[in-house]
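# Chains, contacts and geometry: an overview
Here are the chains, one letter per residue:
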Amino acid sequence: MARKTSKFMVGLFTTLGVVLGVIAIIWVGASKYFEKGARYVAYFDESVQGLQKDSAVKYRGVEVGRVETIRVAPDNNLIGVIMKVNLKEDLSKTAVAQLKMAGITGLVFVDLDRKDPGEKDQSPKINFPAEYPVIASRPSETQKIMAGLNVVVDKLNQIDFQGIFNQLKSTAGEIEIFFRGKKMESILAKIEATLANTQEITARVDKALAANRLEQTLEEAHGALKEARLML
(Lines give C-alpha, C1' and ligand atoms only; values in the text may rest on other atoms or scores of the structure.)
Protein backbone atom coordinates (compact mmCIF):
# COMPACT_ATOMS: atom_id res chain seq x y z
CA MET A 1 0.00 0.00 0.00
CA ALA A 2 2.85 2.37 0.83
CA ARG A 3 4.45 1.61 -2.55
CA LYS A 4 1.23 2.53 -4.39
CA THR A 5 0.99 5.76 -2.43
CA SER A 6 4.59 6.64 -3.31
CA LYS A 7 3.98 6.06 -7.03
CA PHE A 8 0.83 8.14 -6.82
CA MET A 9 2.67 11.06 -5.21
CA VAL A 10 5.47 10.89 -7.80
CA GLY A 11 2.91 10.90 -10.60
CA LEU A 12 1.00 13.75 -8.97
CA PHE A 13 4.10 15.93 -8.61
CA THR A 14 5.18 15.15 -12.17
CA THR A 15 1.76 16.09 -13.51
CA LEU A 16 1.70 19.29 -11.46
CA GLY A 17 5.19 20.19 -12.75
CA VAL A 18 4.12 19.73 -16.36
CA VAL A 19 0.95 21.72 -15.81
CA LEU A 20 2.83 24.58 -14.14
CA GLY A 21 5.38 24.59 -16.98
CA VAL A 22 2.62 24.83 -19.58
CA ILE A 23 0.93 27.61 -17.62
CA ALA A 24 4.23 29.53 -17.40
CA ILE A 25 4.78 29.24 -21.15
CA ILE A 26 1.24 30.36 -21.87
CA TRP A 27 1.58 33.23 -19.41
CA VAL A 28 4.83 34.48 -20.93
CA GLY A 29 3.39 34.26 -24.44
CA ALA A 30 0.17 35.92 -23.40
CA SER A 31 1.98 38.71 -21.59
CA LYS A 32 3.95 39.51 -24.75
CA TYR A 33 0.76 39.32 -26.81
CA PHE A 34 -1.04 41.80 -24.56
CA GLU A 35 1.90 44.19 -24.24
CA LYS A 36 0.92 47.79 -24.85
CA GLY A 37 2.52 49.81 -27.60
CA ALA A 38 2.64 50.32 -31.34
CA ARG A 39 4.67 48.49 -33.96
CA TYR A 40 7.33 50.28 -35.96
CA VAL A 41 10.02 49.21 -38.36
CA ALA A 42 13.52 50.63 -38.84
CA TYR A 43 15.80 49.73 -41.74
CA PHE A 44 19.57 49.44 -41.36
CA ASP A 45 22.19 49.29 -44.08
CA GLU A 46 24.73 47.47 -41.93
CA SER A 47 25.25 44.26 -40.01
CA VAL A 48 22.89 43.70 -37.09
CA GLN A 49 25.08 40.98 -35.57
CA GLY A 50 24.30 40.79 -31.84
CA LEU A 51 20.71 42.01 -32.19
CA GLN A 52 18.14 39.33 -31.36
CA LYS A 53 14.44 38.82 -31.04
CA ASP A 54 13.30 40.32 -27.71
CA SER A 55 16.36 42.60 -27.60
CA ALA A 56 15.62 45.82 -25.75
CA VAL A 57 14.42 48.98 -27.42
CA LYS A 58 15.47 51.98 -25.33
CA TYR A 59 14.59 55.65 -25.45
CA ARG A 60 17.55 57.67 -24.14
CA GLY A 61 18.56 54.74 -21.93
CA VAL A 62 15.07 53.83 -20.69
CA GLU A 63 13.60 50.55 -21.92
CA VAL A 64 10.35 51.26 -23.77
CA GLY A 65 9.87 48.18 -25.90
CA ARG A 66 11.45 45.16 -27.54
CA VAL A 67 12.41 43.76 -30.90
CA GLU A 68 9.77 41.46 -32.34
CA THR A 69 11.25 40.44 -35.70
CA ILE A 70 14.51 40.79 -37.60
CA ARG A 71 14.46 40.02 -41.30
CA VAL A 72 15.94 40.88 -44.66
CA ALA A 73 13.99 43.65 -46.39
CA PRO A 74 12.22 43.01 -49.72
CA ASP A 75 15.13 44.59 -51.63
CA ASN A 76 17.46 41.84 -50.30
CA ASN A 77 19.87 44.54 -49.14
CA LEU A 78 18.59 46.29 -46.04
CA ILE A 79 17.73 44.70 -42.70
CA GLY A 80 14.28 45.43 -41.29
CA VAL A 81 13.86 45.47 -37.50
CA ILE A 82 10.25 45.39 -36.33
CA MET A 83 9.75 46.77 -32.83
CA LYS A 84 6.90 47.17 -30.41
CA VAL A 85 7.32 50.43 -28.53
CA ASN A 86 5.19 51.82 -25.71
CA LEU A 87 5.42 55.59 -26.18
CA LYS A 88 2.47 57.91 -26.66
CA GLU A 89 3.56 59.72 -29.81
CA ASP A 90 4.19 59.04 -33.48
CA LEU A 91 7.83 57.97 -33.43
CA SER A 92 7.98 57.88 -37.23
CA LYS A 93 7.95 61.69 -37.12
CA THR A 94 9.97 62.46 -34.00
CA ALA A 95 12.51 59.70 -33.37
CA VAL A 96 15.63 58.20 -34.93
CA ALA A 97 16.95 54.67 -34.27
CA GLN A 98 20.54 53.54 -33.88
CA LEU A 99 22.15 50.21 -33.07
CA LYS A 100 24.25 50.26 -29.90
CA MET A 101 26.28 47.63 -28.08
CA ALA A 102 25.44 46.73 -24.49
CA GLY A 103 28.85 46.95 -22.82
CA ILE A 104 31.36 44.27 -23.84
CA THR A 105 28.82 41.45 -24.01
CA GLY A 106 28.45 41.64 -27.78
CA LEU A 107 24.70 42.04 -27.42
CA VAL A 108 23.10 44.90 -29.33
CA PHE A 109 19.96 46.92 -28.63
CA VAL A 110 18.01 49.57 -30.50
CA ASP A 111 18.46 53.06 -29.07
CA LEU A 112 15.83 55.66 -29.89
CA ASP A 113 16.50 59.36 -29.65
CA ARG A 114 14.67 62.52 -30.62
CA LYS A 115 15.52 64.05 -34.00
CA ASP A 116 17.45 67.27 -33.80
CA PRO A 117 15.93 70.18 -35.74
CA GLY A 118 17.52 70.30 -39.17
CA GLU A 119 19.29 66.96 -38.70
CA LYS A 120 20.24 65.34 -41.98
CA ASP A 121 18.30 62.17 -42.70
CA GLN A 122 20.86 59.34 -42.85
CA SER A 123 18.28 56.58 -43.29
CA PRO A 124 18.83 54.22 -46.22
CA LYS A 125 16.41 54.81 -49.07
CA ILE A 126 13.68 52.21 -49.47
CA ASN A 127 11.91 51.43 -52.73
CA PHE A 128 9.26 49.11 -51.35
CA PRO A 129 6.15 49.55 -49.19
CA ALA A 130 6.63 49.16 -45.44
CA GLU A 131 4.00 47.28 -43.44
CA TYR A 132 4.52 49.45 -40.35
CA PRO A 133 5.38 53.12 -39.76
CA VAL A 134 9.07 53.65 -40.45
CA ILE A 135 11.38 55.12 -37.82
CA ALA A 136 14.36 56.91 -39.35
CA SER A 137 17.76 55.39 -38.63
CA ARG A 138 21.33 56.56 -38.45
CA PRO A 139 24.57 54.52 -38.79
CA SER A 140 25.99 52.97 -35.64
CA GLU A 141 29.24 54.30 -34.18
CA THR A 142 31.03 51.20 -35.46
CA GLN A 143 29.69 51.84 -38.95
CA LYS A 144 30.86 55.47 -38.78
CA ILE A 145 34.36 54.40 -37.78
CA MET A 146 34.54 51.87 -40.61
CA ALA A 147 33.26 54.44 -43.09
CA GLY A 148 35.93 56.90 -41.91
CA LEU A 149 38.64 54.27 -42.31
CA ASN A 150 37.41 53.51 -45.81
CA VAL A 151 37.65 57.20 -46.72
CA VAL A 152 41.22 57.35 -45.41
CA VAL A 153 42.18 54.23 -47.35
CA ASP A 154 40.61 55.64 -50.53
CA LYS A 155 42.55 58.90 -50.09
CA LEU A 156 45.79 56.97 -49.58
CA ASN A 157 45.10 54.90 -52.68
CA GLN A 158 44.70 58.12 -54.69
CA ILE A 159 48.18 59.35 -53.74
CA ASP A 160 50.76 58.68 -56.45
CA PHE A 161 53.54 57.42 -54.19
CA GLN A 162 55.53 56.15 -57.17
CA GLY A 163 55.31 59.57 -58.82
CA ILE A 164 56.44 61.29 -55.60
CA PHE A 165 59.36 58.85 -55.28
CA ASN A 166 60.39 59.45 -58.89
CA GLN A 167 60.20 63.21 -58.38
CA LEU A 168 62.37 63.04 -55.25
CA LYS A 169 64.82 60.81 -57.06
CA SER A 170 64.99 63.24 -59.98
CA THR A 171 65.48 66.21 -57.64
CA ALA A 172 68.25 64.41 -55.77
CA GLY A 173 69.94 63.67 -59.09
CA GLU A 174 69.77 67.32 -60.14
CA ILE A 175 71.24 68.42 -56.80
CA GLU A 176 74.07 65.93 -57.20
CA ILE A 177 74.76 67.15 -60.75
CA PHE A 178 74.81 70.77 -59.54
CA PHE A 179 77.36 70.08 -56.80
CA ARG A 180 79.55 68.09 -59.19
CA GLY A 181 79.24 70.58 -62.07
CA LYS A 182 81.75 73.15 -63.34
CA LYS A 183 79.72 76.07 -61.97
CA MET A 184 80.02 74.72 -58.46
CA GLU A 185 83.75 74.11 -58.98
CA SER A 186 84.14 77.75 -60.08
CA ILE A 187 82.27 79.02 -57.03
CA LEU A 188 84.40 76.90 -54.70
CA ALA A 189 87.59 78.13 -56.41
CA LYS A 190 86.54 81.75 -55.94
CA ILE A 191 85.74 81.09 -52.30
CA GLU A 192 89.14 79.53 -51.77
CA ALA A 193 90.84 82.50 -53.45
CA THR A 194 88.86 84.93 -51.30
CA LEU A 195 89.86 83.04 -48.16
CA ALA A 196 93.48 83.12 -49.25
CA ASN A 197 93.32 86.89 -49.81
CA THR A 198 91.67 87.31 -46.42
CA GLN A 199 94.43 85.34 -44.77
CA GLU A 200 97.04 87.44 -46.58
CA ILE A 201 95.34 90.68 -45.48
CA THR A 202 95.21 89.43 -41.90
CA ALA A 203 98.91 88.64 -42.03
CA ARG A 204 99.72 92.12 -43.38
CA VAL A 205 97.62 93.78 -40.67
CA ASP A 206 99.42 91.82 -37.99
CA LYS A 207 102.78 92.77 -39.53
CA ALA A 208 101.81 96.47 -39.85
CA LEU A 209 100.67 96.58 -36.27
CA ALA A 210 103.97 95.21 -35.26
CA ALA A 211 105.88 97.85 -37.37
CA ASN A 212 103.46 100.76 -36.71
CA ARG A 213 102.53 100.95 -40.44
CA LEU A 214 98.76 100.58 -40.03
CA GLU A 215 97.75 103.29 -42.55
CA GLN A 216 99.77 101.77 -45.39
CA THR A 217 98.45 98.32 -44.55
CA LEU A 218 94.84 99.51 -44.65
CA GLU A 219 95.41 100.93 -48.12
CA GLU A 220 96.88 97.61 -49.21
CA ALA A 221 93.90 95.76 -47.66
CA HIS A 222 91.49 98.04 -49.55
CA GLY A 223 93.23 97.19 -52.79
CA ALA A 224 93.17 93.49 -52.00
CA LEU A 225 89.41 93.62 -51.33
CA LYS A 226 88.91 95.28 -54.70
CA GLU A 227 90.82 92.45 -56.34
CA ALA A 228 88.68 89.91 -54.49
CA ARG A 229 85.46 91.56 -55.73
CA LEU A 230 86.76 91.48 -59.31
CA MET A 231 87.46 87.75 -58.96
CA LEU A 232 83.86 87.10 -57.79
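Everything in this summary refers to the structure shown in the same document. (Residues numbered from 1 in each chain as written. Predicted model: local features only at pLDDT ≥ 70, side-chain atom pairs only at ≥ 80, totals over all residues. Heavy atoms only, no water.)

## Looking at the sheet that holds strand β5 (residues 95-101)
Read from one edge of the open sheet, seven strands run β1-β4-β3-β2-β6-β5-β7, paired in mixed fashion. Every interior strand has two partners, whereas the edge strands, β1 (38-44) and β7 (136-137), have only one. Note: β1 against strand β4 (residues 79-85), seven bridges, orientation antiparallel. Paired with Phe44 across the strands is Ile79, a residue of β4. (Pairing = 2+ DSSP bridges. Helix = DSSP H or I, 4+ residues; strand = E, 2+ residues; numbered from the N terminus.)

## A few points about the pairing of β5
The element β5 is largely enclosed, with a buried count of five among its seven residues. Counting the residues between successive antiparallel strands, the hairpin from β5 to strand β6 (residues 108-114) contains six residues, one of them, Gly103, with a positive phi of roughly 65°. Pairing between β5 and β7: two bridges, direction parallel. Across the sheet, the residue bridging to Ala97 is Ser137, located in β7. (Buried < 20%, exposed > 50% of the residue type's maximum accessible area, 1.4 Å probe, protein only.)

Keep in mind these values describe shape, not function.
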